[in-house]
Protein chains: 2
Amino acid sequence: MSKKIVIVGGVAGGASTAARLRRLDEEADIIMFEKGEYISFANCGLPYYIGGVISEREQLLLQTVEEMSHKFKIDIRILSEVIAIDREQKQLTIKNLKTDEIYCEKYDKLVLSPGAKPTVPPIKGLSECKQLFTLRNIPDTDRIKAYIDSEKPQKAVVIGGGFIGLEMVENLKHQKLEVTLIEATPQVMAPLDIEMASIIHEHLLDQGINLILNQSVEAFEQEGHQVVLSSGEVIATDMIIMAIGVTPETTIAKAVGLEVTEKGSIIVDEYMRTSDESIYALGDAVSIKDFVSGEKMMIPLAWPANRQGRVVADHICGRASHYKGTLGSAVAKVFDYTVATTGNNEKMLKRLGRSYEVVHIHPNAHASYYPGAFPIAFKMLFDPKTGEILGAQGVGMEGVEKRIDVLAVAIKGGLKVIDLQDIEPCYAPPYNSAKDPVNMLGYYAANLIEGLVENTQWYEVDSLVSQGAFILDVREPFELVTGVIPKSVNIPLSSLRQRISELPKEKDIYVTCQIGQRGYVACRLLMALGYSCKNIDGGMKTYLAVQK
Amino acid sequence: MSKKIVIVGGVAGGASTAARLRRLDEEADIIMFEKGEYISFANCGLPYYIGGVISEREQLLLQTVEEMSHKFKIDIRILSEVIAIDREQKQLTIKNLKTDEIYCEKYDKLVLSPGAKPTVPPIKGLSECKQLFTLRNIPDTDRIKAYIDSEKPQKAVVIGGGFIGLEMVENLKHQKLEVTLIEATPQVMAPLDIEMASIIHEHLLDQGINLILNQSVEAFEQEGHQVVLSSGEVIATDMIIMAIGVTPETTIAKAVGLEVTEKGSIIVDEYMRTSDESIYALGDAVSIKDFVSGEKMMIPLAWPANRQGRVVADHICGRASHYKGTLGSAVAKVFDYTVATTGNNEKMLKRLGRSYEVVHIHPNAHASYYPGAFPIAFKMLFDPKTGEILGAQGVGMEGVEKRIDVLAVAIKGGLKVIDLQDIEPCYAPPYNSAKDPVNMLGYYAANLIEGLVENTQWYEVDSLVSQGAFILDVREPFELVTGVIPKSVNIPLSSLRQRISELPKEKDIYVTCQIGQRGYVACRLLMALGYSCKNIDGGMKTYLAVQK
Ligand SMILES: Cc1cc2nc3c(=O)[nH]c(=O)nc-3n(C[C@H](O)[C@H](O)[C@H](O)COP(=O)(O)OP(=O)(O)OC[C@H]3O[C@@H](n4cnc5c(N)ncnc54)[C@H](O)[C@@H]3O)c2cc1C
Ligand SMILES: Cc1cc2nc3c(=O)[nH]c(=O)nc-3n(C[C@H](O)[C@H](O)[C@H](O)COP(=O)(O)OP(=O)(O)OC[C@H]3O[C@@H](n4cnc5c(N)ncnc54)[C@H](O)[C@@H]3O)c2cc1C
Ligand SMILES: CC(C)(COP(=O)(O)OP(=O)(O)OC[C@H]1O[C@@H](n2cnc3c(N)ncnc32)[C@H](O)[C@@H]1OP(=O)(O)O)[C@@H](O)C(=O)NCCC(=O)NCCS
Ligand SMILES: CC(C)(COP(=O)(O)OP(=O)(O)OC[C@H]1O[C@@H](n2cnc3c(N)ncnc32)[C@H](O)[C@@H]1OP(=O)(O)O)[C@@H](O)C(=O)NCCC(=O)NCCS
């Protein structure tokens, strides 16, 4: 007899599971329930449709119910909310949202891909707001778009500086609104560390965004026309986008006793099975192994949902397939910048008490002599003992996510920092340099591991200064206009050998330059001559990023 | 006592070796001989300076003699040709090309990075040509640029469709010349297979290039104003660029009995040592292990030269470092297209008699709904038994080399095709799709390995047709305008289940669609219903590429 597989949720995870299931099993009964009107839509494209970058609404609908049901012989039921699960009877209760009819449906295997909904905290005055929006699906998008088109708001407040918040900032700006971004922590883009996020802060200011960090929203007043901050400051606005994060939509899963985390994510094993063998769960609703740390985490991104859909289908059909964990590789376009990350950041490693070493480099996106070579700030974290790559971040204009992708492969493939030296990317001047930034990261990390140089981090500099440390700046004098470390001594690398006697033999020397590279070369020279020295990682560029 | 290290060649390999050597050993005597006037210049940028894309000549000079000697305390001698090696005495004979003075210099370790020079075959009439150029260095560039500026040529012939030839074609076109490209083989860009190169052929034609394939140059007439082809055709021209390949510059190495290949490349081990323990060689002049096949090959690219330079310096200084072999990852910009390759191509695998399987896919560079999503043609070769990735090629507009880089990491990291499924690249609509093309390659290859589908290649189709095979085209009728396979039967995938009775049970069914994806879905359905079928890999797009 054919299996009956019932899927809850008809978008990234659900539709991926259904399609693969059908390719593996022509006989299975497949039913897909979706409480919304649309399946298989482009969640990730929604902000761009609001901004007018994507011009046609239909482009957001990747598969219609009609198309998908024909192509894959799937019983797709939209406007159908699954409101309860009966694990004993292996049966669901469904509410038809059009007719209000309630009925049951049996399953052999149940697949939960209900996703996560925008988090909306109980802020004072929230329920009176007439123009406060969240963004998850097509109706949300239609609402925001209609409001902009008909009400012609001039000012917008976006609450939350995560990637959806930032995409909305950019797209509202495209629509010519004055935008204020409010973020409760000291930085936007939580997956970045602060010195990397600072580059984006500056860019947001350059783009005319009113960026407010370290402030939370205390209340909404005047039906949402005023936003009151924790500082007491009041921001006037014509509309509000709430984008502070997402909450797994797991009410029915919790109600029926499936194991969930404190935050309500469904706990699954590597085959995406829940605590009930007949029930699988995937996507934004689950807590899954972080590939680097091994911790269970909620990582609400589209790649995992798509990948997990295939794993679920494979496992249901008895195929050997499992989910290896999530790196959280992510990228966002923030106006002219690209921000990309993979693996763990420094904040996380600190929290986990993991031993790590950091490198910052600032290579050009491609050969410096070919037009348009814009520098990228890269940060890589690795374990100095095992050589394991723990995470990487990049901020720049082009070629950013390309290198983060390469590092993501390296991490998942179990390559060590030392192996990055032998990675052989394609090179021609419009695309790269003969040594790829990833090679540089490998070289630099190897130098640290092998003791060819020692590093100091940007956040240690100020206390070094106040302790009266000797700071040597090896840039050429004309470069000093970009800023200097207080009390640093300038001896250009080109004349360091001649002027070596100006350096103290008894003191540690902290070396800096523009990006850290000449500092390293200077350190090699100093070490050979018996000086004790450390290179300030990332040079002035990394140090000054946070100072601004 | 300090070591005396003498380097022959002051550009990619030589200068890289020198810089790393100094960082490792402040005491060593380092002498670098360069017969030209410039060291450390941007070979790869030369075509773009000719085309005016790079506007300033100085941008090509990455390090001046002055800068590099100060920064690294290196004795750099330009216009100094090493004309002989004495291995017994460990001594070189040098000719000062400015003064004609000849003198000797001893070495403890000798490093040869003399590169390769443009190959110029003895074609009839060649020596009389007044406007025939090759391109290797700054003087060559100056000559070509001066000729264009002063003589205002209208027509140019480029001989050789490798990447330097194609870059010259593009850059001469930028200078408003009418360009003819003559290539003796059936295709440009030898690292590509023919169906991939065909996409570039079409693009060259679209750009107004007079593309002549399968023809060699028999003679030059009228001092190079006429180029006579093997067909007898005569092409009138005002200038000629000869770019048919390079020949290792190894006269002095051969003269002193260092082991070389038949083609004159110096044979080295994994530490870049020649047959003489005191002599290292690297860069374009050596024959090195092809990473995939293990064969010794000459792979004249900048990444290997740079990487090998560091290995040589490390090994001289007693550090554990070795060269893992070359993948030959390469990329070229050809007008609006990007062509990238890594590893072995199908021609090479055939020649080596290696068993392999092929997949072609045509994904969009990024999410289809985000503006500018242009398809990329990817081809991947792998060993169906071991799952080893053997090579990959990509042709498209953006995001091409990004995926080839990812595959290059996968190959060097020893990942298998199956592992490509779990590669987790960064995703947001402007950059990618939730399933990266590399994931798709992994899925597709896994399906083949696991027997979920069987493939037929584009080059088998015509003989299938003539044998009267049953070819099923599952596209929608409106798509057929792009071209059909003769005698194919059209039943759209969306109605295949209903019309299944129209298919023969006793015959193999060959399925096609636009790009091979629906063909695969159709095959899964047919297989489930007991039909015997094969999918035409890459669909009509791959098949038609070569037909045009
Ligand atoms: C605006 C926006 C931009 C984004 N941009 C990116 C990006 O650039 N990159 C990236 O990686 N990710 C991005 N994401 C995240 C990505 O879309 C999600 O990670 C992914 O869609 C998760 O898939 P899922 O199947 O778990 O949930 P969803 O795709 O949200 O699908 C869940 C579906 O289940 C339905 N459902 C829930 N409960 C029930 C029920 N009880 N009965 C019936 N149906 C139910 C819901 O209506 C919903 O349609 C973005 C998300 C949003 C909202
Ligand atoms: C026009 C052009 C475009 C290119 N584009 C790319 C590209 O996009 N991507 C890529 O990967 N590669 C590219 N390359 C190839 C790349 O430049 C080479 O692979 C690389 O430079 C090889 O380094 P090398 O040190 O072996 O030789 P070279 O860099 O050529 O240096 C060798 C030097 O040795 C000197 N020399 C030789 N014999 C002697 C002697 N007896 N005494 C003293 N000096 C001597 C020569 O004068 C020469 O300057 C390009 C090359 C050219 C010419
Ligand atoms: C589109 C959707 C329905 C999934 O459908 P799908 O058929 O599994 O996915 P794709 O269209 O990506 O096709 C992938 C399949 O085609 C195969 N394939 C791709 N290109 C191929 C080619 N050229 N030849 C042969 N097979 C090919 C793959 O192997 C894979 O099949 P498999 O899983 O059986 O191995 C689902 O992902 C979805 O609804 N997505 C939209 C929502 C979403 O993802 N939102 C977040 C991002 S905006
Ligand atoms: C430039 C050239 C002289 C090499 O000099 P180099 O100093 O070895 O190379 P780079 O400038 O790339 O610097 C690399 C070094 O800086 C280190 N580095 C890079 N960024 C760093 C940073 N931010 N902080 C600390 N160290 C850094 C690397 O670790 C590496 O040092 P190592 O080899 O000791 O580990 C040589 O490659 C050359 O002449 N190139 C031009 C010719 C050429 O390559 N042509 C073909 C392509 S056009």
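Here the structure is shown first, and the text comes after it.
Counting of residues starts from 1 at the beginning of each chain's written sequence and follows it residue by residue. Numbering of ligands from 1 and lettering of chains from A proceed in the order in which they are written. Side-chain atom pairs in this predicted model are given and counted only at pLDDT of 80 or more, local residue features only at pLDDT of at least 70, and totals for whole chains, interfaces and linings cover all residues. Based on all heavy atoms of the structure, the side-chain values leave hydrogens and waters out of the count.

Quick notes on the overall build of chain A
So, step 1. Check the secondary structure of chain A and you find 14 helices and 31 strands.
So, step 2. Overall size of chain A, expressed as C-alpha extent along the three principal axes, is 90 × 55 × 40 Å.
So, step 3. The buried label applies to any residue whose accessible area, calculated with a 1.4 Å probe on protein chains only, is under 20% of its type's maximum; exposed applies above 50%, and partly exposed to all values in between. By the burial criterion, 59% of the 548 residues in chain A qualify as buried.
So, step 4. Residue contacts are counted whenever heavy atoms from the two residues lie within 4.5 Å of one another. Taking as baseline every contact in chain A between residues at least 6 positions apart, the subset at least 24 positions apart corresponds to 62%.
So, step 5. Only the protein chains shown count as covering a residue, and every accessible area follows the Shrake-Rupley method with a 1.4 Å probe. Carbon together with sulfur atoms contributes 50% to the accessible area of chain A, which is approximately 20400 Å² in total.
So, step 6. On chain A, the mean spot of the 58 positive side-chain charges and the mean spot of the 70 negative ones are 2 Å from each other. In DSSP terms, a helix is any run of H or I states spanning at least four residues, a strand is any run of E spanning at least two, and both are numbered starting from the N terminus. Positive charge is attributed to Lys and Arg, negative charge to Asp and Glu, and no charge count is given to His or to the chain ends. In this description, the location of a charge corresponds to atom NZ of lysine, CZ of arginine, CG of aspartate or CD of glutamate.

Some details on the relation of the copies chain B and chain A
So, step 1. Only residues with pLDDT of at least 70 in both copies contribute their C-alpha atoms to the least-squares superposition of the copies. Of the two same-sequence chains, chain B is brought onto chain A (RMSD 0.0 Å, axial shift 0.0 Å) by a rotation of 180 degrees. Read as a symmetry element, the transformation amounts to a two-fold axis.

Examining the site of ligand 2
So, step 1. For each residue, the test is whether any non-hydrogen atom lies within 4 Å of the molecule or strand; if one does, the residue is near. Around ligand 2 sit 31 residues, and of these Gly-13, Glu-34, Ser-113, Asp-284 and Ala-302 of chain B come closest.
So, step 2. Surrounding ligand 2 is a set of residues that belongs to chains A and B.
So, step 3. For this analysis, a polar contact is any N or O atom pair within 3.5 Å, provided that within protein one partner can donate a hydrogen and the other can accept it, and provided that sequence-adjacent residues contribute only side-chain to side-chain pairs. The contact in question runs from an oxygen atom of ligand 2 to an N or O atom on the backbone of Pro-114 of chain B, over 3.5 Å.
So, step 4. Listing elements by their share of the shell around ligand 2, those giving two or more residues are helix 1 (12-24), strand 4 (80-86), helix 5 (163-174) and helix 8 (302-316) of chain B.
So, step 5. For the shell around ligand 2, the element with the highest residue contribution is strand 4 of chain B, accounting for three residues.
So, step 6. Three classes are used, and their members are as follows: Ala, Val, Leu, Ile, Met, Phe, Trp, Tyr, Cys and Pro are nonpolar, Asp, Glu, Lys and Arg are charged, and the others, Gly among them, are polar. Residues that form the shell around ligand 2 fall into these classes: 18 nonpolar, seven polar and six charged.

Things to note about the site of ligand 4
So, step 1. Neighbouring ligand 4 are 31 residues; Gln-517 and Tyr-520 of chain A together with Arg-20, Arg-23 and Ser-40 of chain B lie closest to it.
So, step 2. Ligand 4 sits at the junction of chains A and B, each of which supplies nearby residues.
So, step 3. Between ligand 4 and Lys-435 of chain A there is a distance of 2.8 Å, counted from an oxygen atom to a side-chain nitrogen or oxygen.
So, step 4. Taking Asn-306 of chain B, its side chain carries an N or O atom lying 3.0 Å from an oxygen atom of ligand 4.
So, step 5. When ligand 4 sits alone it has 960 Å² of accessible area, and the protein chains cover 92% of it.
So, step 6. At the level of secondary structure, the elements contributing two or more residues to the shell around ligand 4 comprise strand 24 (357-361), helix 11 (437-449) and helix 13 (517-528) of chain A together with helix 1 and helix 8 of chain B.
So, step 7. Examining the composition of the shell around ligand 4, we find that six residues originate from one element, helix 1 of chain B, more than from any other.
So, step 8. In terms of residue class, the shell around ligand 4 is built from 18 nonpolar, nine polar and four charged.

Side note on the state of the cysteines
Residues and elements named next belong to chain A.
So, step 1. Throughout, a disulfide means two cysteine sulfur atoms within 2.5 Å of one another. The full count for this structure, using the stated rule, is zero disulfides over all chains.
So, step 2. Of the cysteine sulfurs around Cys-523, a residue in no disulfide, the closest is that of Cys-533, at 3.7 Å.
So, step 3. For Cys-533, a relative accessible area of 8% puts it in the buried group.

Concerning unusual backbone geometry
So, step 1. At Ser-40 of chain A, a residue that is not glycine, the phi angle is positive and equals roughly 45 degrees.
So, step 2. Note on placement: Ser-40 of chain A falls in the loop between strand 2 (29-33) and helix 2 (46-50).

Details of the sheet that holds strand 3 (residues 75-77) of chain A
All names here are of chain A.
So, step 1. Strand pairing requires that DSSP identify at least two bridges connecting the strands. With parallel pairing, the five strands of this open sheet are ordered in space as 3-2-1-7-19. This sheet does not close on itself; its edge strands, each paired only once, are strand 3 and strand 19 (279-281). On average, each strand axis in the sheet is tilted by 15 degrees relative to the strand beside it, whichever way the strands run.
So, step 2. In this structure, strand 2 lies alongside strand 3, joined through three bridges in parallel fashion. Considered in strand 3, the bridge of Met-32 is made with Ile-76.
So, step 3. In the packing of helix 1 (residues 12-24) onto the sheet, the strands contacted are strand 1 (4-8), strand 2 and strand 7 (109-112), and the crossing angle to strand 2 comes to about 170 degrees. Axis lines are fitted to C-alpha atoms, over the contacting stretch for helices. Their N-to-C directions set the angle, which ranges from 0 to 180 degrees.

Things to note about the interface of chain B and chain A
So, step 1. Listed as interface residues are 82 residues of chain B and, on the opposing side, 82 residues of chain A.
So, step 2. Between chain B and chain A the total buried area reaches about 7400 Å² when both faces are included, carbon and sulfur atoms providing 58% of it.
So, step 3. What counts as buried area is the accessible surface, traced by a 1.4 Å probe, that two parts surrender upon association, with contributions from both included. For the chain B face of the interface with chain A, the top three residues by lost area are Trp-303, Tyr-369 and Glu-424 of chain B, together amounting to 12%.
So, step 4. Salt bridges are counted wherever a side-chain nitrogen of Lys or Arg sits within 4 Å of a carboxyl oxygen of Asp or Glu. There are 14 salt bridges connecting chain B and chain A.
So, step 5. In this structure, the salt-bridge partner of Glu-26 of chain A is Arg-497 of chain B, at a minimum N-O distance of 2.7 Å.
So, step 6. Applying the counting rule to chain B against chain A returns 42 residue pairs in polar contact (both at pLDDT 80 or more).
So, step 7. Elements supplying a minimum of two residues to the side of chain B that touches chain A: helix 1, helix 3 (65-72), helix 8, strand 22 (330-334), strand 23 (337-343), helix 10 (400-412), helix 11 (437-449) and helix 13 (517-528) of chain B.
So, step 8. No other element matches helix 10 of chain B, which puts nine residues into the side of chain B that touches chain A.

Regarding the nonpolar core
So, step 1. Within the largest apolar cluster, 210 residues are counted, with the highest numbers of intra-cluster contacts made by Leu-496 of chain A together with Leu-496 of chain B.
So, step 2. With sequence-adjacent residues up to four places away left out, Leu-496 of chain A is seen in contact with Leu-472, Val-474, Ile-491, Leu-503, Ala-522, Leu-525 and Leu-526 of chain A. Put simply, buried Ala, Val, Leu, Ile, Met, Phe, Trp, Tyr and Cys residues joined by side-chain atoms within 4.5 Å make one nonpolar core.

A few points about the pattern of salt bridges
So, step 1. Across all of its chains, the model carries 68 salt bridges over all chains by this definition.
So, step 2. Here Glu-424 of chain B ties to Lys-412 of chain A by a salt bridge, and the two come within 3.0 Å at their closest N and O atoms. Taken together, the residues span two chains, with Glu-424 of chain B in the loop between helix 10 and helix 11 and Lys-412 of chain A in helix 10 (residues 400-412).
So, step 3. When its relative accessible area of 14% is taken as the criterion, Lys-412 of chain A is described as buried.

Side note on the packing of helix 6 (residues 194-206) of chain B against helix 14 (residues 539-547) of chain B
Residue and element names in this part refer to chain B.
So, step 1. Viewed as axis vectors pointing N to C, helix 6 and helix 14 meet at an angle of 65 degrees, and their least axial separation amounts to 8 Å. Between helix 6 and helix 14, the angle is such that the two are roughly perpendicular. The chirality of how helix 6 crosses helix 14 is left-handed. Contacts between helix 6 and helix 14 pair Ile-194, Glu-195 and Ser-198 from the former with Thr-542, Ala-545 and Val-546 from the latter.
So, step 2. The residue inventory of the contact of helix 6 with helix 14, partitioned by class, reads three nonpolar, two polar and one charged. Oblique is the label for every angle not falling under 35 degrees (roughly parallel), over 145 degrees (roughly antiparallel), or within 65 to 115 degrees (roughly perpendicular). Whether a crossing is left-handed or right-handed is set by the direction in which the near helix is turned from the far one by less than a right angle, anticlockwise for left-handed and clockwise for right-handed.

Section: the pairing of strand 25 (residues 377-382) of chain A
All names here are of chain A.
So, step 1. Among the six residues in strand 25, six count as buried, and that is most of the element.
So, step 2. Taking every second residue as pointing to the same face, both faces of strand 25 are buried, with Ala-377, Lys-379 and Leu-381 on one and Phe-378, Met-380 and Phe-382 on the other.
So, step 3. For strand 24 and strand 25, the ladder comprises five bridges, and the chain directions are antiparallel. Counted as the bridge partner of Ile-361 is Phe-378 from strand 25.
So, step 4. In sequence, strand 25 turns back onto strand 26 (residues 389-396) through a hairpin of six residues, with Gly-387 there showing a positive phi of about 80 degrees.

With respect to the packing of aromatic side chains
Residues and elements named next belong to chain B.
So, step 1. Ring pairs are drawn from Phe, Tyr and Trp, using the six-membered ring of Trp, whenever the two centres fall within 6.5 Å, and their geometry is named by plane angle: stacked under 30 degrees, edge-to-face over 60, tilted for the rest. In this structure the tally under the stated criterion is 10 aromatic pairs over all chains.
So, step 2. Arranged with centres 6.2 Å apart and planes meeting at 85 degrees, the rings of Tyr-337 and Phe-374 form a pair that is edge-to-face. Of this pair, Tyr-337 sits in strand 23 while Phe-374 sits in the loop between strand 24 (357-361) and strand 25 (377-382), and the two are 37 residues apart along the sequence.
So, step 3. Classification of Tyr-337 by relative accessible area gives buried; the value is 14%.

Some words on the environment of Ser-113 of chain B
All names here are of chain B.
So, step 1. Within the element layout of this structure, Ser-113 appears in the loop between strand 7 (109-112) and strand 8 (116-118).
So, step 2. Expressed as a C-alpha distance, the spacing of Ser-113 and Ala-12, which sit 101 residues apart in the sequence, is 8.2 Å.
So, step 3. Beyond its immediate chain neighbours, meaning those up to four positions away, Ser-113 contacts Val-8, Gly-9, Gly-13, Gly-14 and Leu-282.

Topic: the sheet that holds strand 30 (residues 509-512) of chain A
All names here are of chain A.
So, step 1. What the five strands build is an open sheet, ordered 27-31-30-28-29; its pairing is parallel. Unpaired on one side and paired on the other, strand 27 (455-456) and strand 29 (489-490) mark the two borders of the sheet.
So, step 2. Sheet topology note: the strand 28 (residues 470-473)/strand 29 ladder contains two bridges and is parallel. Bridge pairing links Leu-472 to Val-489 in strand 29.

Some thoughts on helix 5 of chain B
All names here are of chain B.
So, step 1. Taking 1.5 Å per residue as the helical rise, helix 5 with its 12 residues ought to reach 16 Å, and the 16 Å between its terminal C-alpha atoms agrees with that figure.
So, step 2. Buried residues of helix 5: Gly-165, Leu-166, Glu-167, Met-168, Val-169, Glu-170, Asn-171 and Leu-172, and no others.
So, step 3. Remark: Lys-176 follows helix 5 within two positions and exhibits a positive phi of approximately 70 degrees. Take the residue count of a helix, subtract one, and multiply by 1.5 Å to get its expected span.

What to know about the packing of helix 1 of chain A against helix 13 of chain B
So, step 1. Between helix 1 of chain A and helix 13 of chain B, the least distance of the axes is 8 Å, while the angle of their chain directions is 50 degrees. When the axes of helix 1 of chain A and helix 13 of chain B are compared, the pair comes out oblique. Of helix 13 of chain B, the residues touching helix 1 of chain A (which contributes Arg-20, Arg-23 and Leu-24 of chain A) are Tyr-520, Val-521 and Arg-524 of chain B.
So, step 2. Residues that form the contact of helix 1 of chain A with helix 13 of chain B fall into these classes: three nonpolar, no polar and three charged.

It is worth stressing that arrangement in space is one thing and function is another; only the former is reported here.
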